[in-house]
2 protein chains.
Amino acid sequence: MADYMSMDNLKYTFFDVVRCQELLKFDRFKDYDEESFNILLDSIKDWADSALFPYFREMDEKPTYYDDGKIIVHPQIGEIMRYCGENGLIGAYFDYKVGGQQMPHTLQAALSHITQCANNHVTGYPALTAGAANLIIRFGNDELIDKYVPNMVAGQWGGTMCLTEPQAGSSLSDITSSAVPTDEGYYKMTGQKIFISGGDHEYCENFVHLYLARIEGAPSGTKGISLFVVPKYRLSEKGELEPNDVITAGDFQKLGQRGYCTTHLILGENNNCHGWLVGEPNKGLKYMFQMMNGARLDVGMTAVSTATAAYYASLQYAKERPQGRPLTSSGRKDPNQPQTLIINHPDVRRMLLLQKAIIEPSLSLLLYCTKLNDIHENAHGQEREDAHDLLEFLTPIAKTYPSSMGEVAISNGLQVLGGYGYCSEFVLQQYYRDIRIMSLYEGTTGIQSLDLLGRKTTMKNGKAIQLLTKVMTEDIIKARTYNELTPYADKLQGKLKDVGDVLTKLMPFAMKGDYERFLADATIYMEMTSTIVMAWQCLIMATTAKEALVTGQLKFGSAFYESKIHTMKFYFTYELPKTLGMKEVLLNDEVLTIVSEKEVIN
Amino acid sequence: MADYMSMDNLKYTFFDVVRCQELLKFDRFKDYDEESFNILLDSIKDWADSALFPYFREMDEKPTYYDDGKIIVHPQIGEIMRYCGENGLIGAYFDYKVGGQQMPHTLQAALSHITQCANNHVTGYPALTAGAANLIIRFGNDELIDKYVPNMVAGQWGGTMCLTEPQAGSSLSDITSSAVPTDEGYYKMTGQKIFISGGDHEYCENFVHLYLARIEGAPSGTKGISLFVVPKYRLSEKGELEPNDVITAGDFQKLGQRGYCTTHLILGENNNCHGWLVGEPNKGLKYMFQMMNGARLDVGMTAVSTATAAYYASLQYAKERPQGRPLTSSGRKDPNQPQTLIINHPDVRRMLLLQKAIIEPSLSLLLYCTKLNDIHENAHGQEREDAHDLLEFLTPIAKTYPSSMGEVAISNGLQVLGGYGYCSEFVLQQYYRDIRIMSLYEGTTGIQSLDLLGRKTTMKNGKAIQLLTKVMTEDIIKARTYNELTPYADKLQGKLKDVGDVLTKLMPFAMKGDYERFLADATIYMEMTSTIVMAWQCLIMATTAKEALVTGQLKFGSAFYESKIHTMKFYFTYELPKTLGMKEVLLNDEVLTIVSEKEVIN
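Section: the pairing of strand 5 (residues 187-197) of chain A
All names here are of chain A. The pairing of strand 4 (residues 178-181) with strand 5 spans four bridges and is classified as antiparallel. By the bridge assignment for strand 5, P181 is matched with Y187. Counted along the chain from strand 4 to the antiparallel partner strand 5, the turn is five residues long, and its residue G185 has a positive phi close to 95°. As paired elements, strand 5 and strand 12 (residues 274-278) share two bridges and run antiparallel to each other. Paired with Y187 across the bridge in strand 12 is G275. Bridging between strand 5 and strand 11 (residues 262-267) involves five bridges; their strand directions are antiparallel. Bridge pairing links I196 to T263 in strand 11.

What follows is the structure in structure tokens.
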């Protein structure tokens, strides 16, 4: 089988770089230890090898489709839901008391990395079921929990998140789905939702939609949105499943992720759709957004996983394909020499290193963020608050960078294969199509960038970014322990100052209420900060590797560690300089993207 | 019908910016005038509206395919070949004496822009037929010309260029197709070729392959390659078509351009394939490369055309789709206000302007290059030589920038549509797939970059780049006529100095024979120079627009001209600063992509 990921790289990042085993100090995880982490990682890899990766191409070639009120998905989806349910993977991070395994989010994220690398089309089915069940557990009453969660955790019922409506798109304040209270305790639901991932198929006997709607008479805007459980089939008084007037109206056909259905749902066409309020009225969006960090990190992880699988596919090709010859000192090539492998051509090496320099720090940042999430949920006092603030700031970056730069990485992976990369026979073109959705899922790049600059940078008077600067400075100091790393550590420190300069320029616009100007280049600010954050992750990875080389405590062979240092150097040499241009854009006084009297776009 | 291009923009670029009507001074074009240029442009637009654009989606949804030795293409291909043949479009730039129209290359390129915008899947069929016929005309003897060219010009026979072999890829020195001379004047051909665009279908009665092969005993490497005409059917003594042992073995299925077949050919399986030498033995690659500039410019034009069509599709969506609201001075949005059109959001405007700032200078550069080609073919003395040298330097840029940055442009166009952009129902995802091949066609980006730095920059002791600097400086001086443009003109001049600094750093490596180091970052050098060249094109477009505004000689309404100036400002503010980072990469002393003893890519 083709390598679609590196377990060495995952374990190095998980244990040595991010040190996720530090989470074992929390009482919640007392049944875990390093060995059980390793066993779980290895067993999921075995499962992914046999149950996920072999179906990856086929799911693309035979996409999900809509047929007469039903969505047809690949039969392996049934097997996957069954396995995840039986092995406790759906409710892995839930409490024992609701059938969970109290697994750290970080371990679950590492397991997801493996399964997403193997097949990014299928992991959303169990993951969204878990997300929906978790919303019920956290904000629903005991009756809702008892009624829905056990079947969801068992993988027999699927779950979804229903946010987007056709007329509203990203603008959730314009949701018009409606809920009318009845005397029987339920609400009568009407409305429609689009882009509902994993919204219907024949391998779950029911679907539990976590659904945003307005209760009749609720305030306008986001403050009038409530959260409901709306099952496809509701339980009759006899405890039997009966139709709940939820119609599956279509399956959006997509550029990629074609094994993952994208449903169009219509509720209450026959005035017979029942929904049950979750938590209090008008707090739906607040509840949903408490899950949003996790959902965004999961998109970031799917992006880096997709780009990781693409990297290993292109690396394998580069190591096997002979073509061309090295240049001689005359500047010519000797046609009588045998061909060389393309991995030996500098430009091919550059494209491979670029991919590596995008995926490796991205994986590291994502595991770091999920670790912060675990700390936030389990620690107390300052540790908890700091974890929260750092996580808030880093989440939009951890979602966006792997999505947008993952696209660049995969395009380079495709390019490594030359013309073959463009052919359907080779897998690169599939990864290229698959990853493109990551910049759209769970808030587009534009929305993530507004969040990063407009909310996360300014929150608590800039506390998060100060905290991040402190953490980064500690890592810079640590890197300076080694002469080889000092120039890079210094470079990173200079970049921190650049971010300060940019904020000194931008913050006054916010202070005087010119938010449009303040936020106009938020996407460039996202590019700049995320490029610097990834440099920081590269530096940590290199410092950890250097430490291992110096102390001789090598788990993986010295070439592995040398490669980490080399990748960091590549990132600092080829990628980090890009912030020079971004800084110039952000410091520029020209205003070119805000509507003025003359329309200049034609 | 949806707008897939702007005739105003094309005519502005063609007549006002590049001043293609200056070519009318040459005797060869004496039957043309500005009016006939305009009539031809308009009539091709009408044809593209009715015969090309309506089939664009369908050709993607029902791709070409291989069936039992045949390739099945869309029936409209037959109509297109017929129309192009009957209306003299295939041999448009050929001499009258071989059935051509002596049309300037530049006008043909402008016509191609229209047809490629309408449907990038189909224009290769007539264009490659023309390219193949032109090779015969330029290097073949009268017998070959008489036998093949008339049917090709008439669109009854298709033509192809057969370079790539499975084991050789881009490394043409490893071609193994073989030609054994016979006493009858023809050669016995054996071998196979892959990736042969437009290589077979039922709407041409014959295919004329311009085929690279080695004559038995020829020297190794590129110096032993000869060019042959190998028809699918050869003419019997009675003048009838009889099979020539050319087998169509497959049609590569691709990520995009799925209406354009990509053929696998096998010759001489039954030892009965005849080929006829074109020109002298062992000069095949030289002949082929004399056509290569034109082929590369055509790829660049197809790239910019594809990105142009994508831009207008995303612009139309942005002008029609209401979503969200502007920020108020409190930083919040008022949900009771009606939604705004998404074109009014700064980040959407940024994505639209970015597309515009990529496609408009690209079109301008491509028309400028084809104009240089016309000048080179028609002028004498210094004018001719300068045109040649400039064209040599600019061709790899004009091929590469629209291909790689066109990919970025279309990705932004897709992003404008949000989730809909990812759906098959909308066209953006098709453009996104289509354009990806442009960085692979006719020499990958890596190969173009080696050509730019390794050959074109160093040729004649750097004469081309000195000449380009001179031409650019003249345009900088002209821009400084206007206060509004002066700061941008100054910025561009600074960038010219940066290129000088980079070459001062790199040239010594070439001089001491360390070509691998000299060329290791050729792709970054390509990025840097092409980013600057496009800034120059933007500046010319803006200067021309300013001139029109100041003199009041407005053909298109003032908003059109303001938009050109605005697009230039956008390019200088958001795109040009990227060269800062590229320069830092190129001046860096670290060597990270050349093979060393330790393998650091794993």
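Notes on the pattern of salt bridges
Residue and element names in this part refer to chain A. Under the criterion given, the structure shown has 78 salt bridges over all chains. Residue R433 is joined to D60 by a salt bridge in which the shortest nitrogen-to-oxygen separation is 2.7 Å. Of this pair, R433 sits in helix 12 (residues 428-435) while D60 sits in helix 3 (residues 56-61), and the two are 373 residues apart along the sequence. Across this residue pair, the class does not change: R433 and D60 are buried. Between E360 and K356 there is a salt bridge, with its nearest N and O atoms 2.9 Å apart. Taken together, the residues span about one helical turn, with E360 and K356 both in helix 10 (residues 346-378) at a distance of four residues.

Observations regarding the packing of aromatic side chains
Residue and element names in this part refer to chain A. Tallied over the full model, the rule gives 56 aromatic pairs over all chains. A centroid spacing of 4.3 Å and a plane angle of 20° characterise the contact between F139 and Y287, whose relative ring orientation is stacked. With F139 in helix 6 (residues 124-139) and Y287 in helix 8 (residues 284-290), this residue pair connects regions lying 148 residues apart in the sequence. Among the residues examined, F139 registers a relative accessible area of 15% and is labelled buried.

A short note on the interface of chain A and chain B
The interface is formed by 102 residues belonging to chain A together with 102 residues belonging to chain B. Counting every contact that joins chain A to chain B gives six salt bridges. Across the pair K598(A) and E562(B) runs a salt bridge, and its minimum N-O distance is 3.5 Å. Linking chain A with chain B are 55 residue pairs in polar contact (both at pLDDT 80 or more). Per-element accounting of the side of chain A that touches chain B gives the leading share, nine residues, to helix 18 (residues 558-575) of chain A. Split into classes, the residues belonging to the side of chain A that touches chain B amount to 40 nonpolar, 38 polar and 24 charged.

Cut-offs applied
Residues numbered from 1 in each chain as written. Chains lettered and ligands numbered in written order. Predicted model: local features only at pLDDT ≥ 70, side-chain atom pairs only at ≥ 80, totals over all residues. Heavy atoms only, no water. Pairing = 2+ DSSP bridges. Helix = DSSP H or I, 4+ residues; strand = E, 2+ residues; numbered from the N terminus. Salt bridge = Lys/Arg side-chain N within 4 Å of Asp/Glu carboxyl O. Buried < 20%, exposed > 50% of the residue type's maximum accessible area, 1.4 Å probe, protein only. Phe/Tyr/Trp six-rings, centres within 6.5 Å; stacked < 30°, edge-to-face > 60°. Contact = heavy atoms within 4.5 Å. Polar contact = N/O pair within 3.5 Å; in protein donor to acceptor, adjacent residues only side chain to side chain. Nonpolar A, V, L, I, M, F, W, Y, C, P; charged D, E, K, R; others polar.

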